[in-house]
Amino acid sequence: MTDAALTPPANSLRQTVEARLKKRHAQEMRFRLYGRLAIVVALSFLAILLGRIVTQGYSTFVDYQLTVPVHLDASKIDKADPTGANYDMMVANSVLAELGETDDEFGNKSGKVMEIMSNDLGFQLLKMVREDPSLIGRTVTVTGPVKSDAALYFKGQIKRSTPEDERKLDNQQLDWMDKLKASGAVSSGFNTGFLTRSDSTEPEQAGVLGAIVGSLMMLLVTATLAIPIGVLAATYLEEFAPKNRWTDLIEVNINNLAAVPSIVYGLLGLAVFINWLAVPRSSPLVGGLVLALMSLPTVIIATRSALKAVPPSIREAALGVGASRTQTVFHHVLPLAMPGVMTGSILSLAHALGETAPLLMIGMVSFVPGVPEGFTGAATVLPVQVFIWENASERGFHERTAAAIIVLLVFMIVMNLAAILVRRRFERRW
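Residues numbered from 1 in each chain as written. Predicted model: local features only at pLDDT ≥ 70, side-chain atom pairs only at ≥ 80, totals over all residues. Heavy atoms only, no water.

Going by what an unreviewed UniProt entry lists, the protein chain is known as Phosphate transport system permease protein PstA and is assigned to Phenylobacterium haematophilum. In its Sequence similarities (unreviewed entry) section, UniProt records this for the protein chain: "Belongs to the binding-protein-dependent transport system permease family. CysTW subfamily." (UniProt positions renumbered as here; feature names shortened; annotations may be inferred.)

Below, the structure is given as structure tokens:
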């Protein structure tokens, strides 16, 4: 009677189990819902970020070019010294002639025309005269970009409805630009100059070629130093170093170095490489050295993880057939860990490519109008170029900021895609 009284009825037990199962299933459904919600929120923020960058920067890749025939007046050009002529004024007067107007005695109209055309047209004329002085007295055709404000008007970012005193271009200049576009003197196309020019004080002439080359040279220095040193250090610590308090201390410090703010590496590079070793400031060499220091902990940690993932049976089999410890590691273990090693290395380089703070500390914020001449010459990189343009006062630089970010993101995507392909190409299943 006592056992029967203590035993719960079968229906009650079943109800308890069903209630617990129902509660557990509800928890699982809530967890899946929260996970999907988190993914949706993350993708939404990513879409907003990328959408903002693309909508602000895509217009940079649309270029408006002004084509105009210019008469090289022999009375205004000295053949002995052609640099003294005012070629911008010649282009402006030619543009006025295309518009069916003439300049006034004070040169006000030509001055207004110069505000809508790039001075690159004048530089082209000077270059042509230098290369072929026989052009003096003849009419030549030049093509060059319009001023950034004029391009923004054609792109709809400067509107005629805006009060005249709130925009740089007055109504007469807008009328001139409409006439030039209607006559075919102004045409649009893909802005190849953005990818083939370097930085400039004029937004319409500024490009990212110098920053791209500087980034590649800096990454080459970083990869040359960080990958071999990091892989060898990780291999020694994981496969050869004795397990004692010293190696434990080194491992802890490596993990700590991976979490150090990047600007600290910039201060270290400023103190050691520039002030002590006298490495040229603002050069790809010093930038690569600083980023190599920053990337080393990541490469070491990724390599050690890849080495740990190799099954112990590989080592035992190699040692069992008479291979030495060194042969086992370098002929068998390390090659099998190479997918993880290369993936970690590429991702660390991709992270280094986007760093700005340490490079600002070593002087890479300077204005560099050309392509770097060497590893010790002055250079800039894409993240720093973005920083410089975003702080510029000219409105035309702001759309180029977003375009430079797009180029930087393309670099990052390519490097991350390379990491994925390397892993899939060499991945082994155990």
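A. Inspection of the domain arrangement of the protein chain at higher detail. You can read the domains of the protein chain as domain 1 (60-190) and domain 2 (208-426). The straight-line distance from the C-alpha centre of domain 1 to that of domain 2 is 46 Å. The contact between domain 1 and domain 2 buries some 720 Å² in all, and 48% of this surface belongs to carbon and sulfur atoms. Summed over the shared surface of domain 1 and domain 2, the number is two salt bridges. A salt bridge links K168 to E394, with the nearest nitrogen and oxygen atoms 3.4 Å apart. The interface formed by domain 1 and domain 2 holds four residue pairs in polar contact (both at pLDDT 80 or more) in total. Here the side of domain 1 that touches domain 2 is built from residues that sort into three nonpolar, three polar and two charged. (Domains from an automatic or database assignment. Buried area = accessible area lost by both parts, 1.4 Å probe. Salt bridge = Lys/Arg side-chain N within 4 Å of Asp/Glu carboxyl O. Polar contact = N/O pair within 3.5 Å; in protein donor to acceptor, adjacent residues only side chain to side chain. Nonpolar A, V, L, I, M, F, W, Y, C, P; charged D, E, K, R; others polar.)

B. Inspection of the environment of A402 at higher detail. The topology assignment puts A402 in helix α17 (residues 395-426). Residues in contact with A402, not counting those within four places in the same chain, are I53, Q56 and G57. (Helix = DSSP H or I, 4+ residues; strand = E, 2+ residues; numbered from the N terminus. Contact = heavy atoms within 4.5 Å.)

C. Representation of helix α14 (residues 325-353) in the model. The end-to-end C-alpha separation of α14 is 37 Å, well short of the 42 Å expected for 29 residues at 1.5 Å each. In the structure, α14 departs most strongly from a straight axis at M338, where the bend amounts to approximately 50 degrees and where the proline P339 lies between one and four residues downstream. (Expected span 1.5 Å × (residues − 1). Bend = angle between axes of the 7 residues up to and from the residue.)

D. View of the packing of aromatic side chains. Scanning the entire structure with this criterion turns up six aromatic pairs. Grouped by ring-pair contacts, the aromatic residues F61, F190, F194, W389 and F397 constitute a single cluster. (Phe/Tyr/Trp six-rings, centres within 6.5 Å; stacked < 30°, edge-to-face > 60°.)

E. Here's a closer look at the sheet that holds strand β1 (residues 62-71). Ordered in space as β2-β1-β3, the three strands form an open sheet in which the pairing is antiparallel. Lying at the two open borders of the sheet, with one neighbouring strand each, are β2 (139-145) and β3 (186-190). The sheet shows a mean angle of 30 degrees between the axes of neighbouring strands, taken without regard to direction. In the sheet, β1 pairs with β2 via seven bridges, with the strands oriented antiparallel. Its bridge partner being in β2, V68 is matched across the sheet by V142. (Pairing = 2+ DSSP bridges. Axes fitted to C-alpha atoms, helices over the stretch in contact; angles between N-to-C directions.)

F. Fine view of the packing of helix α9 (residues 209-240) against α14. Direction vectors running N to C along α9 and α14 enclose 140 degrees, while the axes themselves pass 9 Å from each other. Considered as vectors, α9 and α14 are oriented oblique to each other. Of the two elements, α9 crosses α14, and the hand of that crossing is right-handed. Every residue of α14 that contacts α9 at S215, L219, T222, A223, I227, V231, L232, T235, E239 and F240 is listed here: R325, T326, V329, F330, V333, L334, V341, S345, L349 and L353. Of the residues assigned to the contact of α9 with α14, the class counts are 13 nonpolar, five polar and two charged. (Parallel < 35°, antiparallel > 145°, perpendicular 65-115°, else oblique. Left-handed = near helix turned anticlockwise from the far one by under 90°.)

G. Up close: the side chain of E204. In this structure, E204 sits in the loop between α8 (193-196) and α9. Within the structure, the side chain of E204 is placed 3.3 Å from the side chain of S118, a separation counted as a polar contact. Apart from the residues within four sequence positions on either side, E204 is in contact with S118, P145, V146, K147, S148 and R400.

H. Quick look at the pattern of salt bridges. This structure, assessed with the given rule, holds 13 salt bridges. E101 is paired through a salt bridge with K109; the nearest N and O atoms lie 3.2 Å apart. Given the relative accessible area of 19%, E101 is considered buried. The partner of R304 in a salt bridge is E238, and the shortest N-O contact between them spans 3.0 Å. In this pair, R304 sits in helix α12 (residues 284-308) while E238 sits in helix α9, placing the two residues 66 residues apart along the sequence. (Buried < 20%, exposed > 50% of the residue type's maximum accessible area, 1.4 Å probe, protein only.)

I. Focus on the packing of α9 against α12. In contact at an axis separation of 6 Å, α9 and α12 are set at 35 degrees when each is read in the N-to-C sense. In terms of crossing hand, the pair formed by α9 and α12 is right-handed. Here the contact of α9 with α12 is built from residues that sort into 20 nonpolar, seven polar and four charged.

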